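Listed below are the residues making up each chain.
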Amino acid sequence: ATHIDRDRMRARIAAVLERARLRTMALTDAVDEADLLAQHSPLMSPLVWDLAHIGNQEELWLVRDVGGREAVRADIDELYDAFKHARVNRPALPLLDPGQARGYVGTVREKALDVLGTSELSGSPLVDNGFAFGMIAQHEQQHDETMLATHQLRVGAPVLSAPPAPGTQAPVDGEVIVPAGEFLMGTSADPWALDNERPAHPVHVPAFAIDIAPVTNEQYLAFLTDGGYDRPELWSPRGWAHRQEAGLVAPQFWEREGDRWTRTAFGVRAPLRPRQPVVHVCWFEAEAYARWAGKRLPTEAEWEKAARFDPATGATRRYPWGADEPDQHTANLGQRHLEPAEVGAYPAGASATGVHQLIGDVWEWCSSGFEAYPGFRAFPYREYSEVFFGGDYRILRGGSFGTDEVACRGTFRNWDHPIRRQIFAGFRLARDLREDER
Ligand code: AVJ
Ligand code: FE
């Protein structure tokens, strides 16, 4: 790369790291020290753990590995290794206190920026095209979304606010048919794509129909009032057992108030917005809804084909709408709004096949488990993806209002246990074609 290319790349990396840090600070400065140290749910770390863990990963990869610099704090790696301590046990660890954690992430960032200033950004797979920096920016933003979920679980006076998400601009009823055929799934070219998105590989997908929009609160409420939670025949055996054991009666954070339903988001209780995608449902609830509706969840390959494949050219796009970075006209990302937008709010973000809101708003549960693509190679560490392959996970695609654009693209893969619902997850439906539709 020329000097100019390299300077441009450095400026872009610095801006992406800065955006992540502003978000991290907004999420951690919003609450007092007691709140930062508290465990708001056994499913989540104290916010102060996420904060120092963000700094520790940045130290490990950028300061020590890429930079070859001395450790800032060699003594705390173990505390902030996600594999050493389950989330439930993290509050009891001798963690850095909020002041120490803030100082630590600040020192690490100064050194990381110094490393950035001197790195050639080429010469090894870890630094080519700034990969390690992009990986660390994505890591911080992923934890920012996790911290946003912690905020959603936190009880107390509201501390976060944002303008309401936009309303419907275009009708999005019904479904589209995606024709049978091969498409190129995953990527070998995207410089900051993570290991599990690689390599690009052809996948033959039979023709299918997929809904233009995710399932809304209004539609989900119809399932609920039709006895959806009381009809075992709609649930898989495992899903029904979980529904019974966990006492599921509605999406998480929904509450009935007289004859209407409300939903609490970041400490504010409000009536449901009927045309907003349903959020905070687990995979088993999505599966039961789909059976009630006479459809099914899309496979991961179907989701990605609907999002990226352009039947007119045979090309596979980076985003549903093309190659341009997401903006406020194409997708609800980046915690700009603290809720999903109504369906049909982003006509400019539709895919070549006419499917809306695949990126942003809510993560979408797919039927598939988390598996390696053919030709997968763990990079740069097995614990990002490889150790999760074949586990009890289901794929989530597309990102949510809480996801930053650096951690979201047509190939990005997320996964979680099928019982989880504190994440910002909803779903859309698909189905096989009937004989007369083929
Ligand atoms: C890809 C979102 C499942 O949060 O567990 C953060 C991302 N990996 N730190 C997670 C991640 C290491 C991961 N998910
Ligand atoms: Fe992490």
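The coordinates are above.
Residues numbered from 1 in each chain as written. Chains lettered and ligands numbered in written order. Predicted model: local features only at pLDDT ≥ 70, side-chain atom pairs only at ≥ 80, totals over all residues. Heavy atoms only, no water.

(A) The coordination of the iron ion (ligand 2), seen in detail. Around the iron ion (ligand 2), the donor atoms from the protein are His53 (NE2), His139 (NE2) and His143 (NE2), and they sit 2.1 Å away. Donor residues for the iron ion (ligand 2) sit on one chain with the sequence pattern H-x85-H-x3-H. One end of the pair, His53, is in helix α3 (residues 47-66); the other, His139, is in helix α5 (residues 131-153), with 86 residues separating them in the sequence. On the basis of relative accessible area, His139 is assigned to the buried category, the value being 9%. (Donors = N, O, S within 2.8 Å, 3.2 Å for Na, K, Ca; no water. Helix = DSSP H or I, 4+ residues; strand = E, 2+ residues; numbered from the N terminus. Buried < 20%, exposed > 50% of the residue type's maximum accessible area, 1.4 Å probe, protein only.)

(B) Molecular detail of the site of ligand 1. In the region of ligand 1, the neighbouring residues are His139, Gln142, His143, Tyr384, Asn414 and Trp415. For ligand 1, a nitrogen atom lies 3.1 Å from a polar atom in the side chain of His139. A distance of 3.2 Å separates a nitrogen atom of ligand 1 from a polar side-chain atom of His143. Here ligand 1, which alone exposes 360 Å², has 74% of that area covered by the protein. Per-element accounting of the shell around ligand 1 gives the leading share, three residues, to α5. Partitioned by chemical class, the residues of the shell around ligand 1 number two nonpolar, four polar and no charged. (Near = heavy atom within 4 Å. Polar contact = N/O pair within 3.5 Å; in protein donor to acceptor, adjacent residues only side chain to side chain. Areas by Shrake-Rupley, 256 points an atom, 1.4 Å probe, with all protein chains shown as cover. Nonpolar A, V, L, I, M, F, W, Y, C, P; charged D, E, K, R; others polar.)

(C) Local environment of the packing of aromatic side chains. Scanning the model with the defined rule gives 29 aromatic pairs in all. With a centroid separation of 6.3 Å and 70 degrees between ring planes, the pair formed by Tyr220 and Tyr229 is classed as edge-to-face. Here the two residues Tyr220 and Tyr229 agree in accessibility, since each one is buried. Pairing Phe388 with Trp415 gives two aromatic rings, centres 5.4 Å apart and planes at 45 degrees, and the pair type is tilted. Here Phe388 is found in the loop between β8 (363-365) and β9 (394-397), whereas its partner Trp415 is found in strand β10 (residues 413-416), with 27 residues between them in sequence. (Phe/Tyr/Trp six-rings, centres within 6.5 Å; stacked < 30°, edge-to-face > 60°.)

(D) The sheet that holds β8, seen in detail. Taken together, four strands build an open sheet; the order of strands is β10-β9-β8-β11 and the sheet is mixed. Each having just a single partner strand, β10 and β11 (425-426) make up the two edges of the open sheet. The pairing of β8 with β9 spans two bridges and is classified as antiparallel. Bridging from a neighbouring strand, Glu364 pairs with Arg397 of β9. (Pairing = 2+ DSSP bridges.)

Without other data, these values stay purely geometric and don't point to any function.
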